[in-house]
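# A structural walkthrough
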Amino acid sequence: MAVGSQGRLPPYHTKHSLKKRPPGGKGRYFGCLRGGQKGADMEYSDTVKLLRECDAGTKMAVLSIDEVLEKVGDSQMKELLQESRNHHEKLGDEIHSMLNSHGTAQKEPTAIARGMSWMKVNMKMGMDNSDAMVADLITDGCNMGVKSLNKYLNQYKVADDKSKKMCTELISIEEKLCKDLKQYL
C-alpha cells in the first residue's frame, strides 16, 4: 500500500481500513470502509471536511488580525484584537489536534483568499489609516467568516457533534468580535 509523501494515507483511506476505493468511488467496497457502515463513512467524511474548513477559517482570522494589529492606535482596540487573535489561535490548535486524531492534514486558507485580503487591507489602509477602517475591515472579515461557517455547518450535516460544536464556537468568536468592534466603526 502506497503511503503519501508526508507519511499520511491517501484521502480515500482511513486509519481503520486499508481497503482500496474502487475507480470512480463507487462499488461494493466504498460503503464498507470504517467497519462496514456507510453512515459512519459519511460522518467521518463530513467531520473531516467541516474541521478542515474551520481550520482554514481560524488561520485566515489570525492572518487578518496580524495584518492590521500594528496599524491600530487605540490601546483598548488593540487589546481586543489581540485577545480575539489568541482565542482563534487556541481554537485552531484544538482543531489541529482533532484533525491529527483523524489522520488528516490541516487546511491552509487559499492563496486567492490570502491575496485578496492583503490587497483589500493595503488598498483601504493606504487611503484611510484609521482605527475605524481597521474595525471596518475586520468586521467585513468576521461577517464573511460567519457566513461561510454557517454554510459549511449546513453542508456537512452528518459531521460529528464535537466538530459541529467547534464550528459553532468559532462562529460565536467571530460574532463577538464583530459586536465588540461596532464602537470603533
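Residues numbered from 1 in each chain as written. Predicted model: local features only at pLDDT ≥ 70, side-chain atom pairs only at ≥ 80, totals over all residues. Heavy atoms only, no water.

Of all hydrophobic cores here, the largest spans 19 residues; its most connected members are Met 77, Leu 81, Val 134, Ile 138, Leu 177 and Leu 181. The set of elements that each furnish at least two residues to this core consists of helix 2 (38-69), helix 3 (75-101), helix 4 (111-127), helix 5 (131-155) and helix 6 (161-181). If we skip the residues at most four places from it in the chain, Leu 81 touches Ile 65, Leu 69, Val 72, Val 134, Ile 138, Leu 177 and Leu 181. Ranked by size, the runner-up nonpolar core spans 18 residues in total, among them Leu 149, Leu 153, Tyr 156 and Leu 170. (Core = buried A, V, L, I, M, F, W, Y, C linked by side-chain atoms within 4.5 Å. Buried < 20%, exposed > 50% of the residue type's maximum accessible area, 1.4 Å probe, protein only. Helix = DSSP H or I, 4+ residues; strand = E, 2+ residues; numbered from the N terminus. Contact = heavy atoms within 4.5 Å.)

For the rest of this paragraph, the subject is the packing of aromatic side chains. Within this structure, the stated rule accounts for one aromatic pair. Aromatic pair Tyr 152 and Tyr 156: ring centres 6.1 Å apart, planes at 10°, arrangement stacked. The pair Tyr 152 / Tyr 156 is uniform in exposure class, with both members buried. (Phe/Tyr/Trp six-rings, centres within 6.5 Å; stacked < 30°, edge-to-face > 60°.)

Time to look at helix 5. Along its 25 residues, helix 5 runs 36 Å from first to last C-alpha, staying within 8% of the 36 Å computed at 1.5 Å per residue. By the burial criterion, the buried members of helix 5 are Asp 131, Met 133, Val 134, Ala 135, Leu 137, Ile 138, Thr 139, Cys 142, Val 146, Leu 149, Tyr 152 and Leu 153. (Expected span 1.5 Å × (residues − 1).)

Attention now moves to the pattern of salt bridges. Between side chains of opposite charge, a pair can form when the charged atoms approach closely. Taken as a whole and assessed by the stated rule, the structure comprises eight salt bridges. With a shortest N-O distance of 3.1 Å, Glu 89 and Arg 85 are connected by a salt bridge. Here Glu 89 and its partner Arg 85 are both found in helix 3, four residues apart, which amounts to about one turn of the helix. Under the relative-accessibility criterion, Arg 85 is labelled buried at 14%. Among the charged side chains, a network of salt bridges with common partners joins Asp 55, Lys 59 and Glu 108. (Salt bridge = Lys/Arg side-chain N within 4 Å of Asp/Glu carboxyl O.)

Its location among the elements puts Gln 155 in helix 5. Considered as a pair, Gln 155 and Leu 50 are 105 residues apart in the sequence and their alpha carbons are 8.7 Å apart.

Moving on, we come to the side chain of His 102. For His 102, the position within the fold is in the loop between helix 3 and helix 4. Residues in contact with His 102, not counting those within four places in the same chain, are Tyr 44, Thr 47, Val 48, Leu 51 and Asp 160.

Quick look at helix 3 now. Counted at 1.5 Å a residue, the expected span for helix 3 with its 27 residues is 39 Å, and the 39 Å between its end C-alpha atoms agrees. Here helix 3 has its buried residues at Met 77, Leu 80, Leu 81, Ser 84, Arg 85, His 88, Leu 91, Gly 92, Ile 95, His 96, Met 98 and Leu 99. Within two residues after helix 3, Gly 103 carries a phi angle of roughly 70°, on the positive side.

With that settled, consider the confidence of the model for the chain. Taken over all residues, the pLDDT of the chain has a mean of 81, while the share at 70 or more is 78%. Across residues 1-37 the pLDDT falls below 50, and counting only partners more than four positions away or on other chains, this stretch makes 37 contacts in the model. (pLDDT = per-residue confidence, 0-100.)

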